[in-house]
Amino acid sequence: TTQIRVGIVGYGNLGRGVETAIGLSPDMSLTGVFTRRDPASVTTVGTATEVFAIDELDRDRDDIDVLILCGGSRSDLPEQSPALAARFSIVDSYDNHAHIPEHFAAVDAAARPAGTTAVISTGWDPGLFSLNRVFSEAIIPQGATYTFWGRGLSQGHSDALRRVPGVAGGVQYTLPSEAAMERVRAGEHPDLSTRERHTRECFVVLEEGADAETVRAEIVSMPDYFEPYDTTVHFISAQELERDHQGMPHGGFVIRSGTTSPGTQQVIEYQLALESNPEFTASVLVAYARAAARMNRAGVVGAQTVYDVAPGLLSPLSPEQLRADYL
Ligand SMILES: NC(=O)C1=CN([C@@H]2O[C@H](COP(=O)(O)OP(=O)(O)OC[C@H]3O[C@@H](n4cnc5c(N)ncnc54)[C@H](OP(=O)(O)O)[C@@H]3O)[C@@H](O)[C@H]2O)C=CC1
Ligand SMILES: N[C@@H](C[C@H]1CC(C(=O)O)=NO1)C(=O)O
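Every value quoted in this text rests on a predicted model; they were computed, and no experiment measured them.

Draft legend 1. How the structure looks around the site of ligand 2. Lining the immediate environment of ligand 2, one finds Asp-95, Trp-124, Asp-125, Trp-149, Ser-154, Gln-155, Gly-156, His-157, Thr-174, Arg-200, His-250 and Asn-277. Contact between ligand 2 and Asp-125: a nitrogen atom at 2.9 Å from a main-chain N or O atom of the residue. Arg-200 is positioned with one of its side-chain polar atoms (N or O) 2.9 Å from an oxygen atom of ligand 2. Computed on the free molecule, ligand 2 has an accessible area of 350 Å², of which 93% lies beneath the protein chains in the complex. Here the element with the most residues in the shell around ligand 2 is helix H5 (residues 155-162); it accounts for 3 residues. The residue makeup of the shell around ligand 2, split by class, is 2 nonpolar, 7 polar and 3 charged.

Printed below as a string of structure tokens:
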């Protein structure tokens with residue numbers, strides 16, 4: 001069977017992870033990396049990986065089945081996903097939850113008339129955690145569902161704070177409320193606000209001459225990303241960022257507890273423990289790129305989410321093998 005030919009758009013933490021994950025997928029090949037920067041300035045993990053300027057995607061080409069978009073959700077994907085879905089099947093990891101319906105509509109308006117397939121908001125949240133929230137609530141309609149993340153590095157929030165004028169670099173860690181988790185695990189169904197579930201801690205390197213209090217105010221008031229949370233901002237040097245904040249671990253869990261008849265307690269839990277958030281997320285993107293290519297060949301076009309993708313399409317194994325070995 002012919003390989004699925006993939007293009008990576010945007011080469012940062014996620015782009016590097018996708019490059020590695022494709023190398024582990026015998027049914028897929030990497031056509032190349034497409035970057036907005038000078039290709040000569042981009043050093044890839046694989047020495048054989050070709051790097052092109054992103055406008056190399058502007059011309060008609062028949063060497064890409066699906067593009068994996070690895071840009072930032074704060075400002076890259078809102079522009080790149082619809083633009084590229086007009087000509088290619090894509091997958092992205094768009095994770096600004098409050099605006100996913102808008103993103104879906106914009107991408108669908110581009111993909112559907114073009115006959116491309118665009119799977120948006122894949123990864124783990126949104127993505128695998130979204131699936132588990134829906135599974136859990138479909139199976140246990142009477143109960144309460146909770147999602148906790150961290151302590152770990154959120155790539156979406158780190159990307160978002162790096163976009164603030166005056167910020168030269170930085171990361172954001174998400175901390176779950178220990179008290180809230182304890183109450184949930186004790187089987188309580190507490191009514192917790194967003195602010196009561198997590199806090200956010202930022203470590204920021206300022207650009208020369210930038211005003212710290214202006215930058216802090218811009219971060220903590222940022223709608224969707226930071227405004228709904230108690231957020232602290234520490235200012236550090238570039239050396240400290242390099243020395244202390246290069247790891248990108250993360251994780252979390254979705255838990256639902258409820259009853260299937262009066263007094264009959266049922267609990268579903270799905271947990272992730274990630275040494276590398278980007279490598280894990282990239283692996284999810286690659287699996288959904290496999291599904292997007294297959295869905296497009298089957299004539300399923302337009303924007304899709306993880307709720308629209310049959311799980312078997314994620315696997316390199318055939319439906320027959322899955323029935324024989326995994327059911
Ligand atoms: N759904 C989910 O569960 C998850 C979603 N995500 C999403 O993934 C997005 C991308 O995360 P991440 O890869 O960490 O973001 P990065 O900041 O590493 O990269 C984002 C983009 O910035 C550009 N870039 C990268 N490095 C540099 C550099 N040194 N100088 C200038 N530009 C650079 C690249 O585009 P170019 O090559 O064109 O310059 C790249 O695509 C996040 O915004 C988040 O929304 C992440 C994790 C989980
Ligand atoms: N999308 C998140 C993945 C998880 C982590 C997270 C958070 O820490 O707020 N929310 O969802 C990311 O970019 O890392």
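Draft legend 2. Broad picture of the site of ligand 1. With respect to spatial proximity, 26 residues lie near ligand 1, and among them Leu-14, Thr-35, Arg-36, Ser-73 and Trp-124 are the closest. Within the contact set of ligand 1, an oxygen atom lies 2.9 Å away from a side-chain nitrogen or oxygen of Asp-95. Within the backbone of Asp-125, a nitrogen or oxygen atom sits 3.0 Å from an oxygen atom of ligand 1. When isolated, ligand 1 has an accessible area of 930 Å², and the protein chains bury 82% of it. Elements supplying a minimum of two residues to the shell around ligand 1: helix H1 (13-23), H5 and helix H10 (277-297). Broken down by element, the shell around ligand 1 gets its largest block of residues, 4 residues, from H5.

Draft legend 3. Local environment of the pairing of strand S11 (residues 230-235). Note: strand S10 (residues 198-206) against S11, 6 bridges, orientation parallel. Counted as the bridge partner of Arg-200 is Thr-231 from S11.

Draft legend 4. Local environment of the sheet that holds strand S9 (residues 167-176). The sheet built from 4 strands is open, its strands ordered S8-S9-S10-S11 with mixed pairing. The sheet terminates laterally at strand S8 (152-153) and S11, the two strands that pair on one side only. The pairing of S8 with S9 spans 2 bridges and is classified as antiparallel. Across the sheet, the residue bridging to Leu-153 is Tyr-173, located in S9. Along the sheet, H5 makes contact with S8, S9 and S10, crossing S9 at roughly 145°. Sheet strands touched by helix H8 (residues 212-220): S9, S10 and S11. Its angle to S11, the strand with the most contacts, is close to 150°.

Draft legend 5. Examining the packing of aromatic side chains more closely. Enumeration over the complete set of coordinates arrives at 5 aromatic pairs. Ring plane angle 40° and centroid distance 5.6 Å describe the contact between Phe-148 and Phe-253, whose orientation is recorded as tilted. Highlighted residues: Phe-148 in strand S7 (residues 143-149) and Phe-253 in strand S12 (residues 250-261), separated in sequence by 105 residues. Of the two residues, Phe-148 and Phe-253, both sit in the buried class. Their ring planes at 75° and their centres at 5.8 Å tell us that Tyr-173 and Phe-203 sit as a pair that is edge-to-face. With Tyr-173 in strand S9 and Phe-203 in strand S10, this residue pair connects regions lying 30 residues apart in the sequence. Taking the relative accessible area as the measure of exposure, Tyr-173 reaches 6% and is therefore buried. Among the aromatic residues, those joined into a ring-pair cluster are Trp-124, Phe-129 and Tyr-270.

Draft legend 6. Spatial organisation of the pattern of salt bridges. Overall, the coordinates contain 18 salt bridges when judged by the stated rule. A salt bridge links Asp-76 to Arg-36; the shortest N-O distance between them is 2.7 Å. Of this pair, Asp-76 sits in the loop between strand S4 (66-69) and helix H2 (77-85) while Arg-36 sits in the loop between strand S2 (28-35) and strand S3 (51-53), and the two are 40 residues apart along the sequence. Given a relative accessible area of 5%, Asp-76 falls into the buried group. A residue is classified by how much of its surface remains accessible, and Arg-36, at 52% relative accessible area, is exposed. One network of salt bridges, with partners in common, ties together Arg-36, Asp-76, Asp-159 and Arg-163.

Draft legend 7. Representation of H1 within the structure. Restricting attention to buried positions, one finds in H1 the residues Leu-14, Gly-15, Gly-17, Val-18, Glu-19, Ala-21 and Ile-22. Check the buried side of H1 and you find it contacts strand S1 (4-9), S2, S4, H5 and H10.

Draft legend 8. Summary view of the environment of Ala-53. With respect to the helices and strands, Ala-53 occurs in strand S3. In this structure, the C-alpha to C-alpha distance between Ala-53 and Ala-40, residues 13 residues apart in sequence, is 9.4 Å. Among all residues touching Ala-53, those that are not within four sequence positions of it are Phe-34, Thr-35 and Pro-39.

Definitions and limits used
- Residues numbered from 1 in each chain as written.
- Chains lettered and ligands numbered in written order.
- Predicted model: local features only at pLDDT ≥ 70, side-chain atom pairs only at ≥ 80, totals over all residues.
- Heavy atoms only, no water.
- Near = heavy atom within 4 Å.
- Polar contact = N/O pair within 3.5 Å; in protein donor to acceptor, adjacent residues only side chain to side chain.
- Areas by Shrake-Rupley, 256 points an atom, 1.4 Å probe, with all protein chains shown as cover.
- Helix = DSSP H or I, 4+ residues; strand = E, 2+ residues; numbered from the N terminus.
- Nonpolar A, V, L, I, M, F, W, Y, C, P; charged D, E, K, R; others polar.
- Pairing = 2+ DSSP bridges.
- Contact = heavy atoms within 4.5 Å.
- Axes fitted to C-alpha atoms, helices over the stretch in contact; angles between N-to-C directions.
- Phe/Tyr/Trp six-rings, centres within 6.5 Å; stacked < 30°, edge-to-face > 60°.
- Buried < 20%, exposed > 50% of the residue type's maximum accessible area, 1.4 Å probe, protein only.
- Salt bridge = Lys/Arg side-chain N within 4 Å of Asp/Glu carboxyl O.

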